[in-house]
Structure formats: structure tokens, C-alpha cells
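# Reading the structure
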Amino acid sequence: MTAEPQLVPHRDAGVLARAAAARLITRLIDGQAARGEASVVLTGGGIGIALLRAVRTNPAVDAVDWSRVDVWWGDERFVPADSPDRNDRQAREALLDHIPVDPKRVFPMGHHAAQTAGGDVEGSTAASGYADPESAGAEYAALLAGRAAPGAAVPVFDVVLLGLGPEGHVASLFPNSPAVVATEPVVAVHDCPKPPPERISLTLPTIQSAREVWVIVAGEEKAGAVAASFSGAGPIDVPATGAVGRERTLWLVDRAAASRLTPTHC
């Protein structure tokens with residue numbers, strides 16, 4: 001069973017980031033109170049990283065026991081570990097390097113292995129990187145299974161955070177792509193229409209395992225995608241429509257992103 005999307009508009013992107021940060025802190029505290037620990041799946045993008053910066057500066061940030069939070073990612077660009085394009089690097093700079101997380105509970109997706117002078121790929125372990133997105137995705141699926149309940153393939157995340165692309169993609173699940181209909185926990189993405197072309201992504205069934213899914217959107221350039229997501233389209237055409245949580249699905253948007261919605265949605 002999944003939850004119907006609930007739209008929560010905010011005045012502008014700055015207010016959105018701060019409000020979502022406060023909401024996330026509260027959700028993690030509640031998860032720890034109920035179960036002793038909590039989990040979050042992070043996203044990249046401008047508003048996703050702005051949210052993490054807002055968590056860092058929120059006065060209540062220390063109310064979360066960060067040593068008891070599992071940190072995952074919804075997708076990652078399959079590039080070298082030191083690339084500034086990696087979502088995990090941006091998240092560390094914005095938040096994770098500044099709070100007392102347990103490194104053993106932070107699960108970045110695998111990176112592209114380094115190239116030797118002769119052009120060969122070095123190694124295939126988590127430490128040195130992976131030769132291809134499939135290998136990195138398989139390792140991430142194993143990590144998810146290792147934190148799941150007996151018999152389950154993935155954990156029940158407290159919150160999955162997702163951005164939204166202008167064509168309606170979430171994570172690295174693009175319209176009419178093989179990845180958007182994949183049923184395995186993690187999928188390798190090739191020929192991505194947005195660079196870089198190779199990525200790793202959680203699939204819609206994995207996203208749907210979360211207690212709550214939050215789609216966080218700012219900017220007028222995303223208004224068409226937001227409107228399409230509330231138009232009755234399905235996830236093959238608009239992948240964001242398949243991003244739903246078990247208990248709650250929130251669309252946290254600023255006014256610009258919501259500008260093409262009808263009054264019934266707002």
C-alpha cells in the first residue's frame with residue numbers, strides 16, 4: 001500500500017530548504033524514538049544540497065543522534081571518486097563532514113575505477129572502484145540486503161529524498177528508459193540523456209519501500225514537470241509519479257515550481 005501525494009508549497013527556494021531541513025530533523029528524531037535508529041536516502045541537485053546545508057545550520061541538528069542514522073543515496077554518477085560531480089562528495093561537503101555520523105553507516109554508491117597510464121582499469125573492489133556500473137550496482141544491492149530485515153531485499157527507509165528533473169525523472173530513472181521499469185533493487189544506467197551518461201540508481205520498487213518519500217522541487221524550470229506529475233500520467237512517461245512512500249508521499253515545492261498547477265492541486 002502506498003500513500004497518495006500531498007503537495008506542500010513554500011514561498012521560495014530558501015524557505016523550502018530550511019523548512020524541509022527542519023522536517024527531516026524531526027522525522028529522524030521520531031524514527032529513533034520509535035526504533036532506536038533511523039535511515040535517510042539522500043539526493044543531489046541544487047535544492048537537495050541546499051537542504052543538507054540547512055540541516056547543518058539548523059539549531060536542532062544536534063537533537064539527532066547521527067551515530068544511529070544510516071545514510072544512503074538514491075543515485076550516483078558513475079565517475080571517479082574525486083569527481084566534484086558525485087552526489088556523495090557534495091553531501092559530505094554540505095553536511096556529513098560536519099556531523100558525528102558513524103562512517104560504517106554511511107553507504108555511498110561505488111565509483112568508477114581509476115585508469116592506468118595505459119588506459120586499463122585498476123582493480124574492481126570498493127576501495128579502488130569498479131569497472132562498470134553493473135558491478136557497482138550489484139555491490140550496492142548487497143549492502144542494502146545486508147541492512148534489510150530477514151527475507152527482504154532492501155531496508156525500510158524512514159525518508160527517501162528525491163529531486164525532480166525538468167522531464168520528470170527522479171534519481172536516475174528517466175522517462176521511457178529501461179531503468180524506470182526495472183524491478184531489481186539497484187540498476188545500472190547507460191546512455192543517460194543528462195550527462196554523465198553512466199549512473200547507478202535505486203529503482204522504483206526500492207524507493208517505494210520507504211515509509212516516506214519526499215520530492216523536493218524548486219524553480220520555474222521545473223514547473224512543467226511538477227504539473228505533469230499531477231496530470232494522471234504514469235511512471236513510464238513521468239517517473240516521479242512512481243515515487244511514493246508506504247505511509248506518506250510529500251511534494252515539497254516552492255511557488256515557482258508549483259506555478260503551473262491548477263488551484264485544485266494547490
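The coordinates are above.
The rules behind these values
Residue indices begin from 1 for each chain and proceed along its sequence in written order. Two thresholds apply to this predicted model, a pLDDT of at least 70 for residue-level local features and 80 or more for giving and counting side-chain atom pairs, whereas whole-chain, interface and lining totals are computed over all residues. Each side-chain value is derived from all of the structure's non-hydrogen atoms; neither hydrogens nor water enter the calculation. The salt bridge criterion pairs a side-chain nitrogen of Lys or Arg with a carboxyl oxygen of Asp or Glu, the two atoms within 4 Å. We count a stretch as a helix when DSSP gives it H or I for four or more residues in a row; a strand needs E for two or more, and each element gets its number in order from the N terminus. Buried, partly exposed and exposed residues are distinguished by accessible area as a fraction of the type maximum, computed with a 1.4 Å probe on protein chains only: under 20%, between the cut-offs, and over 50%, respectively. Paired rings are identified among Phe, Tyr and Trp, the last through its six-membered ring, by centres lying within 6.5 Å, and are further divided according to the angle between planes into stacked (under 30 degrees), edge-to-face (over 60) and tilted (the rest).

## Points about the pattern of salt bridges
Considering all chains together, one arrives at 13 salt bridges under this definition. Across the salt bridge formed by Arg147 and Asp70, the nearest N and O atoms sit 2.8 Å from each other. Note that Arg147 is positioned in the loop between helix H4 (133-146) and strand S5 (159-162) and Asp70 in strand S3 (residues 69-73), a separation of 77 residues in sequence. Classification of Arg147 by relative accessible area gives partly exposed; the value is 36%. When its relative accessible area of 6% is taken as the criterion, Asp70 is described as buried. Shared partners join several salt bridges into a network, and the residues in it are Arg27, Arg35, Asp158, Arg211 and Glu212.

## A look at the packing of aromatic side chains
Going through the model one piece at a time under the given rule, you end up with four aromatic pairs. Residues Trp72 and Phe107 carry aromatic rings whose centres are separated by 4.1 Å and whose planes lie at 15° to one another, so their mutual orientation is stacked. One end of the pair, Trp72, is in strand S3; the other, Phe107, is in the loop between helix H3 (87-94) and H4, with 35 residues separating them in the sequence. Considered together, Trp72 and Phe107 belong to a single accessibility category, that of buried residues. Aromatic pair Trp72 and Tyr140: ring centres 5.7 Å apart, planes at 85°, arrangement edge-to-face. Remark: Tyr140 occurs in helix H4 and Trp72 occurs in strand S3; sequence separation between them is 68 residues. For the pair Trp72 and Tyr140, one class covers both residues: buried. The structure contains a cluster of three or more aromatic residues connected by ring pairs, namely Trp72, Phe107, Tyr140 and Phe157.

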